[in-house]
There are 2 protein chains.
Amino acid sequence: MNANEVLESLEWRYATKVFDANKQIPLDKWHVLQESLHLSPSSLGLQMWKFIEVDCSQLRQELRGASWDQSQVTDASKLVVFCARKSFTHEDVMDHLNRIAQVRGVAIESLDVYKSRILDLVESKSPEVLKAWLERQVYIALGFMMSSAAMLRVDTCALEGIDPSAYDRILGLEDSPYYTLCALALGYRAESDSYATMQKVRFDIKKVIEAR
Amino acid sequence: MNANEVLESLEWRYATKVFDANKQIPLDKWHVLQESLHLSPSSLGLQMWKFIEVDCSQLRQELRGASWDQSQVTDASKLVVFCARKSFTHEDVMDHLNRIAQVRGVAIESLDVYKSRILDLVESKSPEVLKAWLERQVYIALGFMMSSAAMLRVDTCALEGIDPSAYDRILGLEDSPYYTLCALALGYRAESDSYATMQKVRFDIKKVIEAR
(Lines give C-alpha, C1' and ligand atoms only; values in the text may rest on other atoms or scores of the structure.)
Protein backbone atom coordinates (compact mmCIF):
# COMPACT_ATOMS: atom_id res chain seq x y z
CA MET A 1 0.00 0.00 0.00
CA ASN A 2 1.50 3.34 -0.91
CA ALA A 3 1.59 6.46 1.22
CA ASN A 4 -1.28 8.19 -0.60
CA GLU A 5 -3.61 5.23 -0.24
CA VAL A 6 -3.03 5.10 3.51
CA LEU A 7 -3.57 8.85 3.83
CA GLU A 8 -6.80 8.66 1.83
CA SER A 9 -8.06 5.89 4.12
CA LEU A 10 -7.29 7.93 7.23
CA GLU A 11 -9.02 10.98 5.80
CA TRP A 12 -12.01 8.92 4.69
CA ARG A 13 -12.67 7.69 8.22
CA TYR A 14 -15.03 9.55 10.52
CA ALA A 15 -17.16 8.63 13.53
CA THR A 16 -20.23 7.27 11.77
CA LYS A 17 -23.46 8.32 13.45
CA VAL A 18 -25.99 6.60 11.13
CA PHE A 19 -25.29 3.15 9.72
CA ASP A 20 -27.11 1.58 6.80
CA ALA A 21 -28.86 -1.32 8.54
CA ASN A 22 -29.14 -3.21 5.25
CA LYS A 23 -25.45 -3.31 4.39
CA GLN A 24 -23.37 -6.13 5.82
CA ILE A 25 -19.60 -6.44 6.00
CA PRO A 26 -18.56 -9.25 3.61
CA LEU A 27 -17.19 -12.33 5.34
CA ASP A 28 -13.64 -12.03 3.95
CA LYS A 29 -13.32 -8.48 5.29
CA TRP A 30 -14.85 -9.44 8.62
CA HIS A 31 -12.32 -12.25 9.08
CA VAL A 32 -9.51 -9.77 8.54
CA LEU A 33 -11.07 -7.35 11.03
CA GLN A 34 -11.30 -10.15 13.58
CA GLU A 35 -7.62 -10.78 12.90
CA SER A 36 -6.85 -7.10 13.51
CA LEU A 37 -7.96 -7.74 17.10
CA HIS A 38 -6.30 -11.13 17.32
CA LEU A 39 -3.00 -9.82 15.95
CA SER A 40 -3.07 -6.47 17.75
CA PRO A 41 0.05 -5.58 19.72
CA SER A 42 -0.11 -5.57 23.52
CA SER A 43 2.45 -5.02 26.24
CA LEU A 44 4.79 -8.03 26.25
CA GLY A 45 2.34 -9.75 23.93
CA LEU A 46 0.17 -10.63 26.93
CA GLN A 47 -3.19 -10.13 25.13
CA MET A 48 -4.88 -9.23 28.40
CA TRP A 49 -8.25 -8.60 26.82
CA LYS A 50 -11.49 -10.05 25.55
CA PHE A 51 -13.55 -8.96 22.57
CA ILE A 52 -17.22 -9.85 22.42
CA GLU A 53 -18.86 -9.94 19.02
CA VAL A 54 -22.57 -9.42 19.55
CA ASP A 55 -24.55 -10.88 16.66
CA CYS A 56 -27.86 -11.56 18.45
CA SER A 57 -30.32 -8.80 17.54
CA GLN A 58 -32.20 -9.18 20.82
CA LEU A 59 -28.98 -8.55 22.78
CA ARG A 60 -28.13 -5.64 20.50
CA GLN A 61 -31.50 -4.10 21.30
CA GLU A 62 -30.86 -4.49 25.03
CA LEU A 63 -27.39 -2.96 24.69
CA ARG A 64 -28.85 -0.02 22.80
CA GLY A 65 -30.95 0.66 25.88
CA ALA A 66 -27.69 0.85 27.84
CA SER A 67 -26.12 3.19 25.25
CA TRP A 68 -28.33 6.29 25.36
CA ASP A 69 -30.37 4.72 22.55
CA GLN A 70 -27.60 5.28 20.02
CA SER A 71 -28.73 3.68 16.76
CA GLN A 72 -25.24 2.47 15.85
CA VAL A 73 -25.61 -0.32 18.43
CA THR A 74 -28.40 -2.04 16.49
CA ASP A 75 -27.94 -0.74 12.95
CA ALA A 76 -24.26 -1.36 12.27
CA SER A 77 -23.39 -4.63 10.58
CA LYS A 78 -21.20 -5.66 13.52
CA LEU A 79 -20.81 -4.69 17.14
CA VAL A 80 -17.75 -5.55 19.20
CA VAL A 81 -17.56 -4.95 22.95
CA PHE A 82 -14.03 -4.30 24.22
CA CYS A 83 -13.32 -5.78 27.65
CA ALA A 84 -10.43 -5.48 30.09
CA ARG A 85 -9.31 -7.99 32.70
CA LYS A 86 -10.34 -7.45 36.31
CA SER A 87 -6.97 -8.73 37.46
CA PHE A 88 -3.80 -10.24 36.09
CA THR A 89 -2.28 -13.06 38.06
CA HIS A 90 0.56 -15.54 38.09
CA GLU A 91 -1.77 -18.00 36.35
CA ASP A 92 -2.38 -15.55 33.48
CA VAL A 93 1.36 -15.13 33.00
CA MET A 94 1.72 -18.94 32.91
CA ASP A 95 -1.08 -19.21 30.29
CA HIS A 96 0.92 -16.87 28.07
CA LEU A 97 4.23 -18.69 28.62
CA ASN A 98 2.65 -22.07 27.97
CA ARG A 99 1.27 -20.74 24.72
CA ILE A 100 4.72 -19.47 23.68
CA ALA A 101 6.23 -22.87 24.47
CA GLN A 102 3.50 -24.60 22.47
CA VAL A 103 3.56 -22.33 19.40
CA ARG A 104 7.34 -22.07 19.18
CA GLY A 105 8.08 -25.63 20.28
CA VAL A 106 10.42 -24.65 23.09
CA ALA A 107 10.73 -25.94 26.64
CA ILE A 108 8.86 -23.86 29.21
CA GLU A 109 12.06 -23.70 31.30
CA SER A 110 13.80 -21.82 28.49
CA LEU A 111 11.43 -18.93 29.25
CA ASP A 112 12.42 -18.56 32.90
CA VAL A 113 14.22 -15.23 32.48
CA TYR A 114 11.32 -13.80 30.51
CA LYS A 115 8.91 -15.18 33.12
CA SER A 116 10.70 -13.38 35.95
CA ARG A 117 10.69 -10.18 33.95
CA ILE A 118 6.94 -10.31 33.37
CA LEU A 119 6.15 -11.30 36.95
CA ASP A 120 8.36 -8.51 38.31
CA LEU A 121 6.63 -6.02 36.07
CA VAL A 122 3.10 -7.15 36.89
CA GLU A 123 3.68 -7.59 40.61
CA SER A 124 5.44 -4.24 41.00
CA LYS A 125 2.29 -2.37 39.98
CA SER A 126 -0.24 -1.14 42.54
CA PRO A 127 -3.83 -2.30 41.89
CA GLU A 128 -4.75 1.12 40.41
CA VAL A 129 -1.70 1.25 38.15
CA LEU A 130 -2.27 -2.36 37.06
CA LYS A 131 -5.90 -1.60 36.20
CA ALA A 132 -5.02 1.48 34.14
CA TRP A 133 -2.27 -0.45 32.35
CA LEU A 134 -4.58 -3.34 31.48
CA GLU A 135 -7.24 -0.94 30.21
CA ARG A 136 -4.83 1.02 28.03
CA GLN A 137 -3.81 -2.16 26.19
CA VAL A 138 -7.42 -2.68 25.12
CA TYR A 139 -7.36 0.75 23.50
CA ILE A 140 -4.37 -0.22 21.36
CA ALA A 141 -6.60 -2.93 19.89
CA LEU A 142 -9.40 -0.37 19.45
CA GLY A 143 -7.11 1.91 17.43
CA PHE A 144 -5.70 -1.07 15.53
CA MET A 145 -9.16 -2.27 14.47
CA MET A 146 -10.41 1.22 13.53
CA SER A 147 -7.41 1.85 11.34
CA SER A 148 -7.64 -1.57 9.70
CA ALA A 149 -11.34 -0.99 9.03
CA ALA A 150 -10.59 2.34 7.35
CA MET A 151 -8.09 0.60 5.04
CA LEU A 152 -10.92 -1.76 4.03
CA ARG A 153 -13.40 1.14 3.67
CA VAL A 154 -15.46 -0.20 6.54
CA ASP A 155 -17.00 2.52 8.68
CA THR A 156 -16.70 2.56 12.45
CA CYS A 157 -17.94 4.40 15.48
CA ALA A 158 -16.33 3.94 18.88
CA LEU A 159 -18.88 4.10 21.68
CA GLU A 160 -17.68 5.22 25.08
CA GLY A 161 -20.99 6.77 26.06
CA ILE A 162 -22.42 3.53 27.33
CA ASP A 163 -23.32 2.07 30.72
CA PRO A 164 -20.52 -0.47 31.21
CA SER A 165 -22.19 -2.14 34.21
CA ALA A 166 -25.38 -2.71 32.23
CA TYR A 167 -23.30 -4.13 29.39
CA ASP A 168 -21.63 -6.51 31.84
CA ARG A 169 -25.02 -7.68 33.07
CA ILE A 170 -26.52 -8.09 29.59
CA LEU A 171 -23.46 -9.94 28.30
CA GLY A 172 -23.14 -12.12 31.38
CA LEU A 173 -19.70 -10.82 32.33
CA GLU A 174 -20.37 -10.17 36.01
CA ASP A 175 -18.82 -13.43 37.20
CA SER A 176 -16.17 -13.53 34.48
CA PRO A 177 -12.59 -12.19 34.69
CA TYR A 178 -13.55 -9.36 32.29
CA TYR A 179 -15.54 -6.14 32.29
CA THR A 180 -16.78 -3.79 29.60
CA LEU A 181 -14.75 -0.72 28.64
CA CYS A 182 -16.31 0.46 25.38
CA ALA A 183 -17.83 -0.80 22.14
CA LEU A 184 -17.15 -0.41 18.44
CA ALA A 185 -19.83 -0.42 15.77
CA LEU A 186 -18.66 -1.43 12.28
CA GLY A 187 -20.47 -1.37 8.97
CA TYR A 188 -21.40 1.15 6.31
CA ARG A 189 -22.53 4.77 6.62
CA ALA A 190 -26.12 5.53 5.66
CA GLU A 191 -26.65 8.07 2.90
CA SER A 192 -28.58 10.12 5.43
CA ASP A 193 -25.62 10.53 7.80
CA SER A 194 -24.92 14.25 7.65
CA TYR A 195 -21.71 13.77 9.63
CA ALA A 196 -20.13 12.04 6.62
CA THR A 197 -19.73 15.27 4.69
CA MET A 198 -18.79 17.58 7.55
CA GLN A 199 -15.29 18.99 7.54
CA LYS A 200 -13.01 16.99 9.82
CA VAL A 201 -11.84 19.09 12.78
CA ARG A 202 -8.25 18.81 13.93
CA PHE A 203 -5.90 21.20 15.65
CA ASP A 204 -3.01 22.39 13.55
CA ILE A 205 -0.58 19.49 13.26
CA LYS A 206 2.18 21.65 14.78
CA LYS A 207 0.12 21.96 17.95
CA VAL A 208 -0.27 18.19 18.24
CA ILE A 209 3.17 16.99 17.16
CA GLU A 210 6.11 18.85 18.65
CA ALA A 211 9.68 18.36 17.50
CA ARG A 212 12.72 18.12 19.75
CA MET B 1 -6.77 -2.11 -0.23
CA ASN B 2 -8.17 -5.61 -0.34
CA ALA B 3 -8.68 -7.92 2.60
CA ASN B 4 -5.60 -10.05 1.88
CA GLU B 5 -3.29 -7.07 1.71
CA VAL B 6 -4.47 -5.82 5.10
CA LEU B 7 -4.10 -9.28 6.63
CA GLU B 8 -0.58 -9.62 5.21
CA SER B 9 0.37 -6.26 6.73
CA LEU B 10 -0.96 -7.27 10.14
CA GLU B 11 0.91 -10.58 10.00
CA TRP B 12 4.09 -8.87 8.81
CA ARG B 13 4.18 -6.59 11.87
CA TYR B 14 6.12 -7.63 14.97
CA ALA B 15 7.75 -5.80 17.88
CA THR B 16 11.10 -4.95 16.30
CA LYS B 17 13.99 -5.35 18.72
CA VAL B 18 16.89 -4.36 16.44
CA PHE B 19 16.52 -1.53 13.95
CA ASP B 20 18.83 -0.86 11.02
CA ALA B 21 20.35 2.48 12.08
CA ASN B 22 21.21 3.29 8.45
CA LYS B 23 17.71 3.01 7.03
CA GLN B 24 15.49 6.08 7.17
CA ILE B 25 11.75 6.35 6.63
CA PRO B 26 11.20 8.28 3.37
CA LEU B 27 9.64 11.69 3.83
CA ASP B 28 6.36 10.90 2.05
CA LYS B 29 5.73 7.92 4.32
CA TRP B 30 6.71 9.88 7.41
CA HIS B 31 4.24 12.63 6.58
CA VAL B 32 1.47 10.04 6.37
CA LEU B 33 2.55 8.52 9.68
CA GLN B 34 2.43 11.96 11.28
CA GLU B 35 -1.07 12.27 9.84
CA SER B 36 -2.03 8.93 11.40
CA LEU B 37 -1.51 10.65 14.76
CA HIS B 38 -3.08 13.91 13.67
CA LEU B 39 -6.17 12.16 12.25
CA SER B 40 -6.46 9.52 14.97
CA PRO B 41 -9.89 9.18 16.58
CA SER B 42 -10.33 10.33 20.17
CA SER B 43 -13.31 10.57 22.47
CA LEU B 44 -15.55 13.39 21.20
CA GLY B 45 -12.71 14.38 18.89
CA LEU B 46 -11.03 16.18 21.79
CA GLN B 47 -7.45 15.24 20.80
CA MET B 48 -6.33 15.42 24.41
CA TRP B 49 -2.76 14.44 23.67
CA LYS B 50 0.68 15.51 22.58
CA PHE B 51 3.16 13.60 20.43
CA ILE B 52 6.82 14.50 20.61
CA GLU B 53 8.99 13.59 17.68
CA VAL B 54 12.55 13.37 18.93
CA ASP B 55 15.01 13.91 16.11
CA CYS B 56 18.00 15.20 18.10
CA SER B 57 20.52 12.37 18.48
CA GLN B 58 21.84 13.75 21.76
CA LEU B 59 18.34 13.67 23.28
CA ARG B 60 17.80 10.19 21.89
CA GLN B 61 20.96 9.05 23.65
CA GLU B 62 19.73 10.53 26.93
CA LEU B 63 16.31 8.90 26.50
CA ARG B 64 18.00 5.55 25.86
CA GLY B 65 19.55 5.89 29.30
CA ALA B 66 16.01 6.23 30.67
CA SER B 67 14.82 3.18 28.68
CA TRP B 68 16.90 0.31 30.09
CA ASP B 69 19.41 1.00 27.31
CA GLN B 70 17.06 -0.37 24.65
CA SER B 71 18.77 0.19 21.28
CA GLN B 72 15.51 0.99 19.51
CA VAL B 73 15.51 4.43 21.13
CA THR B 74 18.63 5.54 19.25
CA ASP B 75 18.71 3.22 16.23
CA ALA B 76 15.20 3.53 14.83
CA SER B 77 14.71 6.10 12.09
CA LYS B 78 12.10 7.92 14.19
CA LEU B 79 11.09 8.09 17.83
CA VAL B 80 7.75 9.46 19.00
CA VAL B 81 6.95 10.02 22.66
CA PHE B 82 3.24 9.69 23.49
CA CYS B 83 2.03 12.12 26.15
CA ALA B 84 -1.22 12.49 28.05
CA ARG B 85 -2.68 15.65 29.57
CA LYS B 86 -2.26 16.26 33.28
CA SER B 87 -5.74 17.74 33.44
CA PHE B 88 -8.60 18.68 31.18
CA THR B 89 -10.35 21.93 31.93
CA HIS B 90 -13.09 24.23 30.72
CA GLU B 91 -10.44 26.09 28.73
CA ASP B 92 -9.45 22.91 26.88
CA VAL B 93 -13.06 22.28 25.94
CA MET B 94 -13.32 25.86 24.64
CA ASP B 95 -10.13 25.40 22.58
CA HIS B 96 -11.79 22.45 20.88
CA LEU B 97 -15.10 24.26 20.29
CA ASN B 98 -13.36 27.34 18.91
CA ARG B 99 -11.49 25.12 16.50
CA ILE B 100 -14.75 23.50 15.33
CA ALA B 101 -16.29 26.94 14.81
CA GLN B 102 -13.22 28.05 12.87
CA VAL B 103 -12.86 24.97 10.64
CA ARG B 104 -16.56 24.55 9.90
CA GLY B 105 -17.35 28.27 9.74
CA VAL B 106 -20.15 28.11 12.29
CA ALA B 107 -21.00 30.40 15.19
CA ILE B 108 -19.63 29.26 18.55
CA GLU B 109 -23.12 29.65 20.04
CA SER B 110 -24.44 26.96 17.69
CA LEU B 111 -22.29 24.50 19.65
CA ASP B 112 -23.86 25.23 23.04
CA VAL B 113 -25.66 21.87 23.37
CA TYR B 114 -22.50 20.00 22.40
CA LYS B 115 -20.53 22.17 24.83
CA SER B 116 -22.80 21.27 27.75
CA ARG B 117 -22.54 17.61 26.84
CA ILE B 118 -18.75 17.66 26.85
CA LEU B 119 -18.53 19.70 30.04
CA ASP B 120 -21.01 17.40 31.82
CA LEU B 121 -19.00 14.39 30.74
CA VAL B 122 -15.61 15.81 31.73
CA GLU B 123 -16.78 17.34 35.00
CA SER B 124 -18.67 14.21 36.11
CA LYS B 125 -15.44 12.20 36.23
CA SER B 126 -13.40 11.88 39.41
CA PRO B 127 -9.72 12.87 39.02
CA GLU B 128 -8.66 9.20 38.84
CA VAL B 129 -11.31 8.31 36.25
CA LEU B 130 -10.48 11.42 34.23
CA LYS B 131 -6.77 10.54 34.23
CA ALA B 132 -7.38 6.96 33.09
CA TRP B 133 -9.77 8.18 30.38
CA LEU B 134 -7.28 10.74 29.06
CA GLU B 135 -4.52 8.13 29.02
CA ARG B 136 -6.60 5.55 27.18
CA GLN B 137 -7.21 7.98 24.33
CA VAL B 138 -3.48 8.25 23.74
CA TYR B 139 -3.36 4.49 23.26
CA ILE B 140 -5.94 4.69 20.46
CA ALA B 141 -3.43 6.87 18.62
CA LEU B 142 -0.67 4.38 19.44
CA GLY B 143 -2.66 1.54 17.85
CA PHE B 144 -3.65 3.75 14.95
CA MET B 145 -0.05 4.66 14.16
CA MET B 146 1.27 1.10 14.54
CA SER B 147 -1.35 -0.25 12.17
CA SER B 148 -0.77 2.53 9.63
CA ALA B 149 2.96 1.86 9.79
CA ALA B 150 2.42 -1.83 9.09
CA MET B 151 0.37 -0.95 5.98
CA LEU B 152 3.39 1.07 4.79
CA ARG B 153 5.81 -1.73 5.74
CA VAL B 154 7.42 0.46 8.35
CA ASP B 155 8.54 -1.44 11.44
CA THR B 156 7.61 -0.35 14.94
CA CYS B 157 8.31 -1.15 18.55
CA ALA B 158 6.18 0.29 21.34
CA LEU B 159 8.23 1.04 24.43
CA GLU B 160 6.45 0.98 27.77
CA GLY B 161 9.54 -0.14 29.67
CA ILE B 162 10.81 3.38 30.12
CA ASP B 163 11.19 5.81 33.01
CA PRO B 164 8.42 8.33 32.26
CA SER B 165 9.63 10.87 34.84
CA ALA B 166 13.10 10.88 33.33
CA TYR B 167 11.54 11.32 29.87
CA ASP B 168 9.57 14.30 31.20
CA ARG B 169 12.74 15.86 32.55
CA ILE B 170 14.80 15.23 29.40
CA LEU B 171 12.03 16.54 27.12
CA GLY B 172 11.28 19.56 29.31
CA LEU B 173 7.70 18.51 30.05
CA GLU B 174 7.75 19.02 33.80
CA ASP B 175 6.12 22.44 33.68
CA SER B 176 3.94 21.65 30.69
CA PRO B 177 0.34 20.34 30.68
CA TYR B 178 1.60 16.94 29.45
CA TYR B 179 3.47 13.91 30.76
CA THR B 180 5.07 10.89 29.14
CA LEU B 181 3.14 7.64 28.84
CA CYS B 182 5.18 5.56 26.38
CA ALA B 183 7.24 5.81 23.22
CA LEU B 184 7.16 4.31 19.75
CA ALA B 185 10.25 3.58 17.67
CA LEU B 186 9.68 3.45 13.90
CA GLY B 187 12.00 2.43 11.11
CA TYR B 188 13.29 -0.74 9.52
CA ARG B 189 14.25 -4.07 11.08
CA ALA B 190 17.93 -4.99 11.00
CA GLU B 191 18.85 -8.23 9.27
CA SER B 192 20.30 -9.38 12.57
CA ASP B 193 16.98 -9.12 14.46
CA SER B 194 16.21 -12.72 15.31
CA TYR B 195 12.73 -11.75 16.51
CA ALA B 196 11.72 -11.06 12.90
CA THR B 197 11.56 -14.72 12.03
CA MET B 198 10.11 -16.07 15.25
CA GLN B 199 6.63 -17.52 15.10
CA LYS B 200 4.05 -14.97 16.27
CA VAL B 201 2.37 -16.12 19.49
CA ARG B 202 -1.36 -15.57 19.90
CA PHE B 203 -4.00 -17.41 21.85
CA ASP B 204 -6.56 -19.26 19.76
CA ILE B 205 -8.83 -16.64 18.22
CA LYS B 206 -11.86 -18.31 19.85
CA LYS B 207 -10.35 -17.59 23.26
CA VAL B 208 -9.92 -13.89 22.45
CA ILE B 209 -13.11 -13.18 20.51
CA GLU B 210 -16.30 -14.57 21.99
CA ALA B 211 -19.62 -14.56 20.20
CA ARG B 212 -22.97 -13.68 21.75
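Refer to the preceding data block for the structure.
Residues numbered from 1 in each chain as written. Chains lettered and ligands numbered in written order. Predicted model: local features only at pLDDT ≥ 70, side-chain atom pairs only at ≥ 80, totals over all residues.

Asks: So what exactly am I meant to see when it comes to the overall build of chain A here?
Replies: A tally of regular secondary structure across chain A gives nine helices and five strands. Traced from its N-terminal end to its C-terminal end, chain A shows the element sequence α-α-β-α-α-β-α-α-α-β-α-β-α-β. Seen through its C-alpha atoms, chain A measures out along the principal axes to roughly 60 × 45 × 35 Å. A buried classification covers 40% of the 212 residues belonging to chain A. In chain A, the share of contacts with a sequence separation of at least 24, taken over all contacts with a separation of at least 6, comes to 81%. (Helix = DSSP H or I, 4+ residues; strand = E, 2+ residues; numbered from the N terminus. Buried ≥ 20, exposed ≤ 12 C-beta atoms within 10 Å, placed from the backbone. Contact = placed C-beta atoms within 7 Å.)

Asks: Would you mind going over helix α5 (residues 90–104) of chain B with me for this structure?
Replies: In an α-helix, one full turn covers 3.6 residues, which means residues spaced three or four apart are oriented alike. Its 15 residues place the ends of α5 of chain B 21 Å apart at the C-alpha level, agreeing with the 21 Å of an ideal helix rising 1.5 Å per residue. Gly105 of chain B lies just past α5 of chain B and shows a positive phi near 65°. (Expected span 1.5 Å × (residues − 1).)

Asks: It is not clear to me how the relation of the copies chain A and chain B should be interpreted in this structure. Could you clarify?
Replies: Superposing the two chain copies requires a rotation about an axis and a translation along that axis. Of the two same-sequence chains, chain A is brought onto chain B (RMSD 0.0 Å, axial shift 0.0 Å) by a rotation of 180°. On the angle and the small slide along the axis, the relation comes out as a two-fold axis. The residues that chain A uses at the interface reappear at the interface of chain B in 100% of cases, marking a shared surface. (Least-squares fit on C-alpha atoms with pLDDT ≥ 70 in both.)

Asks: What should I look at first to understand the packing of α5 of chain B against helix α6 (residues 112–123) of chain B in this one?
Replies: When two helices pack together, you describe them by how their axes are tilted relative to each other and by the distance separating the axes. All names here are of chain B. With their axes 11 Å apart at the nearest point, α5 and α6 run at an angle of 150° to one another. One finds that α5 runs roughly antiparallel with respect to α6. Crossing geometry of α5 relative to α6 is assigned as right-handed. Between α5 and α6, the residues in contact are His90, Val93 and Leu97 and Lys115, Ile118, Leu119 and Val122, respectively. (Axes fitted to C-alpha atoms, helices over the stretch in contact; angles between N-to-C directions. Parallel < 35°, antiparallel > 145°, perpendicular 65-115°, else oblique. Left-handed = near helix turned anticlockwise from the far one by under 90°.)

Asks: Please clarify how the environment of Gln137 of chain B should be interpreted in this entry.
Replies: Residues and elements named next belong to chain B. Within the fold, Gln137 resides in helix α7 (residues 127–151). The exposure class assigned to Gln137 is buried, which follows from the 25 C-beta atoms found within 10 Å. For the pair Gln137 and Asn98, spaced 39 residues apart in sequence, the C-alpha separation works out to 21 Å. Beyond its immediate stretch of four places on either side in the chain, Gln137 contacts Ser42, Ser43, Met48 and Trp49.

Asks: Help me out: how do you make sense of the sheet that holds strand β4 (residues 178–187) of chain A in this one?
Replies: Backbone-to-backbone hydrogen bonds join strands into a sheet, with any given pair of strands oriented parallel or antiparallel. Read from one edge to the other, the open sheet built from five strands follows the order β3(A)-β4(A)-β2(A)-β1(A)-β5(B), with strand pairing classed as mixed. The two strands at the open ends of the sheet, each matched to only one other strand, are β3 (155–159) of chain A together with β5 (209–211) of chain B. The average undirected angle you get between the axes of adjacent strands in this sheet is 25°. Docked against the sheet, helix α2 (residues 27–38) of chain A engages β1 (49–53), β2 (78–85) and β4 of chain A together with β5 of chain B, running at close to 130° with respect to β5 of chain B. (Pairing = 2+ DSSP bridges.)

Asks: Hey, could you run me through the packing of helix α2 (residues 27–38) of chain B against α7 of chain B in this one?
Replies: Residues and elements named next belong to chain B. At a minimum axis separation of 8 Å, α2 and α7 run at an interaxial angle of 155°. Relative to α7, α2 is oriented roughly antiparallel. Considering the relative orientation of α2 and α7, their crossing is right-handed. Between α2 and α7, the residues in contact are Leu33, Ser36 and Leu37 and Ala141, Phe144, Met145, Ser148 and Ala149, respectively. In the contact of α2 with α7, the residues fall into six nonpolar, two polar and no charged. (Nonpolar A, V, L, I, M, F, W, Y, C, P; charged D, E, K, R; others polar.)

Asks: Would you take a moment to explain the interface of chain A and chain B for this structure?
Replies: Frequently, the measure chosen for interface size is the accessible area that the parts lose on association. Taken together, the contacts link 62 residues of chain A with 62 residues of chain B. Elements with a contribution of two residues or more to the side of chain A that touches chain B: α1 (3–12), α2, β1, α5 (90–104), α7 (127–151), α9 (205–208) and β5 (209–211) of chain A. When the residues that make up the side of chain A that touches chain B are grouped by side-chain class, the tally is 35 nonpolar, eleven polar and 16 charged. Alignment of β5 of chain A against strand β1 (residues 49–53) of chain B, held across three bridges, turns out to be parallel. Bridge pairing in β1 of chain B places Ile209 of chain A opposite Phe51 of chain B.

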